[in-house]
Amino acid sequence: MTEGRSLYDLTYEELEDVIKGWGHPAYRARQIWEWVYVKLAGDFASMTNLPKELRRQLAETFSLAPLHLLTEAVSTDKRTRKGLFRLRGNETVETVLMFYDKRRTLCISSQVGCGMGCPFCATGLSGFRRNLSTGEIVGQVLYYARWLADPLAGGEEAAPVPRPTRVTNVVFMGMGEPMANYDRGWKAIRILTDKRGFNLGARRITVSTVGLVPGILRMAEEDLQVKLAVSLHAAEDELRNWLVPINRRYPLAELMDAVRTYIRRTGRRVTFEYALMRDINDRPEHARALIRRLKGVLAHVNLIPLNPVEGSPFQPSTRRTTVRFARMLEDAGIPVTVRLRRGLDINAGCGQLRRHVLQGGQEGEKREGEITGVRG
Ligand code: SAH
Ligand code: SF4
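A.B. asks: Explain the sheet that holds strand β6 (residues 104-107) residue by residue, including any values.
C.D. replies: Backbone hydrogen bonds are what pair the strands of a sheet, in a parallel or an antiparallel way. Spatial strand order, β3-β4-β5-β6-β9-β10-β11-β12-β13-β14: ten strands in an open sheet with mixed pairing. At either end of the open sheet lies a strand with only one pairing partner, and these are β3 (68-74) and β14 (336-338). Averaged over all adjacent pairs, the angle separating strand axes in this sheet is 20°, with direction ignored. Here strand β12 (residues 270-276) runs beside strand β13 (residues 299-305); their pairing, made up of seven bridges, is parallel. Following the sheet pairing, F272 is matched in β13 by V301. Strands β3, β4 (80-86), β5 (92-99), β6 and β9 (169-172) of the sheet are contacted by helix α5 (residues 134-149), whose axis makes an angle of about 40° with β5.

A.B. asks: An account of unusual backbone geometry is requested, with residue identities and associated values reported.
C.D. replies: The omega angle of the peptide bond from R163 to P164 is 5°, so this bond is cis rather than trans. Looking at the secondary structure, you find P164 in the loop between α5 and β9. Unlike most non-glycine residues, H233 shows phi in positive territory, near 65°. Within the secondary structure, H233 sits in the loop between β11 (227-231) and α8 (237-243). The class of H233 is buried, set by a relative accessible area of 6%.

A.B. asks: Go over the packing of aromatic side chains with me, naming the residues and quoting the values.
C.D. replies: The full count for this structure, using the stated rule, is eleven aromatic pairs. Ring centres of Y12 and W33 lie 5.5 Å apart, and the angle between their planes is 85°; this geometry places the pair in the edge-to-face category. Here W33 lies in helix α2 (residues 27-37) and Y12 lies in helix α1 (residues 12-21), a separation of 21 residues in the sequence. Look at Y12 and you get buried, because its relative accessible area is 6%. The exposure class assigned to W33 is buried, which follows from its relative accessible area of 2%.

A.B. asks: Give a detailed account of the side chain of N181, specifying residues and quantitative values.
C.D. replies: Relative to the assigned elements, N181 resides in the loop between β9 and α6 (182-193). Once you skip the residues sitting within four places of it in the chain, N181 turns out to touch S110, Q111, N131, L132 and I137.

A.B. asks: Could you give me a rundown of the packing of α1 against α2, with the residues and numbers involved?
C.D. replies: At their nearest, the axes of α1 and α2 sit 8 Å apart, and the two run at 130° to each other. Comparing their axes, α2 and α1 come out oblique. Here α1 runs over α2; the crossing is right-handed. Across the interface between the two elements, Y12, L15, E16 and I19 of α1 pack against R28, A29, R30, I32 and W33 of α2. Tallied by class, the residues present in the contact of α1 with α2 amount to six nonpolar, no polar and three charged.

A.B. asks: Hey, could you go over the site of ligand 1 for me, with residue numbers and the actual values?
C.D. replies: Residues in close proximity to ligand 1 total 18 residues, the closest being G176, S208, S231, H233 and N307. F120 is positioned with one of its backbone polar atoms (N or O) 3.1 Å from a nitrogen atom of ligand 1. A distance of 2.5 Å separates an oxygen atom of ligand 1 from a polar atom in the side chain of S231. Residue classes in the shell around ligand 1 are distributed as eight nonpolar, eight polar and two charged.

A.B. asks: I'd like to hear about the environment of R184, residue by residue, with values.
C.D. replies: Note on placement: R184 falls in helix α6. Its relative accessible area of 39% is what places R184 among the partly exposed residues. For the pair R184 and T134, spaced 50 residues apart in the sequence, the C-alpha separation amounts to 4.8 Å. Among the polar contacts made by the side chain of R184, one reaches the side chain of N181 at a distance of 2.9 Å.

A.B. asks: I'd like to hear about helix α10 (residues 284-294), residue by residue, with values.
C.D. replies: Every α-helix carries 3.6 residues per turn, so stepping three or four residues along brings you back to the same face. For α10, the complete set of buried residues consists of H286, A287, A289, L290, I291 and L294. Where α10 is buried, its residues meet α8, α9 (252-266), β12, β13 and α11 (319-331). In the segment just after α10, G296 is the residue with positive phi, at about 80°.

A.B. asks: Account for the nonpolar core, naming residues and giving values.
C.D. replies: Core analysis: the biggest nonpolar cluster contains 113 residues, and F198, F272 and V301 have the highest contact counts within it. Mapped onto the domain boundaries, this core takes at least three residues apiece from domain 1 (5-63) and domain 2 (68-368). Those residues in contact with V301, other than ones at most four positions away along the chain, are F272, Y274, L290, L294, L329, I334, P335, V336 and T337.

Cut-off values and rules
Residue positions are counted from 1 within each chain, in the order its sequence is given. Here the convention is simple: chains get letters from A, ligands get numbers from 1, in the order in which they are written. Where local features are concerned, this predicted model is filtered to residues with pLDDT of at least 70; where side-chain atom pairs are given and counted, the filter is 80 or more; whole-chain, interface and lining totals use all residues. Note: side-chain values were computed over all heavy atoms of the structure, leaving out hydrogens and water. In this analysis, strands are considered paired if DSSP registers two or more bridges between them. The secondary structure listing takes helices from DSSP runs of H or I that are at least 4 residues long and strands from runs of E that are at least 2 residues long, numbered from the N terminus. All axes here are fitted lines through C-alpha atoms, helices being fitted over the stretch that makes contact, and every angle between N-to-C directions spans 0 to 180 degrees. Every residue pair with non-hydrogen atoms within 4.5 Å of one another is taken to be in contact. Exposure categories follow from relative accessible area, calculated using a 1.4 Å probe and restricted to protein chains: below 20% of the type maximum is buried, above 50% is exposed, and the middle band is partly exposed. Geometry of aromatic contacts follows a simple scheme: Phe, Tyr and Trp rings, the Trp one being its six-membered ring, pair when their centres are within 6.5 Å, and the pair is stacked under 30 degrees between planes, edge-to-face over 60, tilted otherwise. Throughout this description, any angle smaller than 35 degrees is read as roughly parallel, any larger than 145 degrees as roughly antiparallel, any in the 65 to 115 degree range as roughly perpendicular, and the remainder as oblique. Take the far helix as your reference; a near helix turned counterclockwise from it by less than a right angle gives a left-handed crossing, and one turned clockwise gives a right-handed crossing. Only Asp, Glu, Lys and Arg are considered charged, only Ala, Val, Leu, Ile, Met, Phe, Trp, Tyr, Cys and Pro nonpolar, and every remaining residue, Gly among them, polar. Near, as used in this document, describes a residue that has one of its heavy atoms within 4 Å of the molecule or strand being considered. The definition of a polar contact used here is a pair of N or O atoms within 3.5 Å, where within protein one atom must be able to donate a hydrogen and the other to accept one, and adjacent residues in sequence count solely through side-chain atom pairs. Working definition of a nonpolar core: buried Ala, Val, Leu, Ile, Met, Phe, Trp, Tyr and Cys residues. They are joined through side-chain atoms within 4.5 Å. For the domains described, the bounds stem from an automatic or database domain assignment.

Shown next, in the form of structure tokens:
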């Protein structure tokens with residue numbers, strides 16, 4: 001593995017400073033930026049319009065591969081691919097590529113593990129290891145952007161849509177809590193939305209948070225039109241304190257105030273995620289509590305059938321209960337969608353492939369013990 005600094009850690013301006021510091025003209029930064037983010041070059045040697053000396057300096061200083069694919073799982077319908085990547089320090093994270101009708105949505109991780117401890121979540125059960133760097137966040141997107149751009153990657157038949165094609169949407173819904181790694185995550189967003197390079201539309205990016213109020217208030221002040229999703233899962237404090245323990249620090253009233261501020265400042269609708277768990281948060285009284293909580297809020301509710309996690313007592317709601325819950329919201333005038341279940345056959349839920357691999361002992365015994373020891 002190349003241990004050098006990742007080029008994906010740098011904004012355009014930072015790259016320009018490096019290039020000028022080496023005594024090259026500033027326009028070289030533009031050329032490199034295009035190689036990396038438009039032509040999706042995987043190495044410096046292919047950047048043929050750069051002087052040899054500059055290519056050598058770049059290769060000595062920077063890596064273009066902050067993560068390495070360890071294993072990949074592909075759903076039987078090929079519409080979901082999930083990569084498990086190895087990072088510096090022998091850590092691992094997951095990235096999921098989902099093909100929808102028109103969208104190719106990438107679900108990326110922001111941390112190795114997560115410290116928020118939601119008991120139904122595979123990542124939460126594995127505990128927190130470390131924050132991802134900006135380069136590691138950008139690198140997940142670039143890996144799959146290259147894969148989609150290469151008509152032959154994984155074999156001609158590997159993708160359910162004709163290639164070359166692009167990543168159209170990015171959601172921070174993989175491992176980790178993005179608001180707990182705010183600066184690195186937002187730097188990654190600035191790099192990915194840079195019009196001179198990857199040029200992803202800010203509105204095609206969604207940051208999903210467990211409800212960290214300071215992060216929501218910061219996001220309300222950002223100039224980019226990035227979307228906000230809040231993982232609610234319960235509309236009353238007592239139940240939410242259990243399902244989403246950080247609720248004790250930022251209870252619902254405070255969270256909803258921050259969301260209202262966000263909406264006032266940005267004019268944007270907020271998505272509320274609600275994973276339906278059998279007999280836990282899926283009864284009519286829970287739907288009524290949710291309706292009360294969202295009254296007058298510019299909201300959209302995403303009902304997610306729970307992905308069962310190995311060794312966890314939380315079970316998904318039945319189809320009937322899910323439909324009943326969705327109808328109640330609809331009748332109250334709250335826009336609601338039931339998110340399709342994707343990639344169940346490949347452990348596609350948040351943190352699940354990593355957990356599977358770690359528990360399978362493919363990662364070396366010491367770490368396996370550490371991770372499974374948290375809760376099993
Ligand atoms: N930490 C952030 C983003 C990552 S989790 C957050 O919590 O929002 C992305 C989404 O997956 C969240 O809505 C989370 O609650 C949900 N999730 C976690 N475990 C799940 C499971 N087993 N089944 C369904 N959704 C799950
Ligand atoms: Fe962390 Fe989100 Fe999982 Fe909660 S649901 S443990 S915040 S990743």
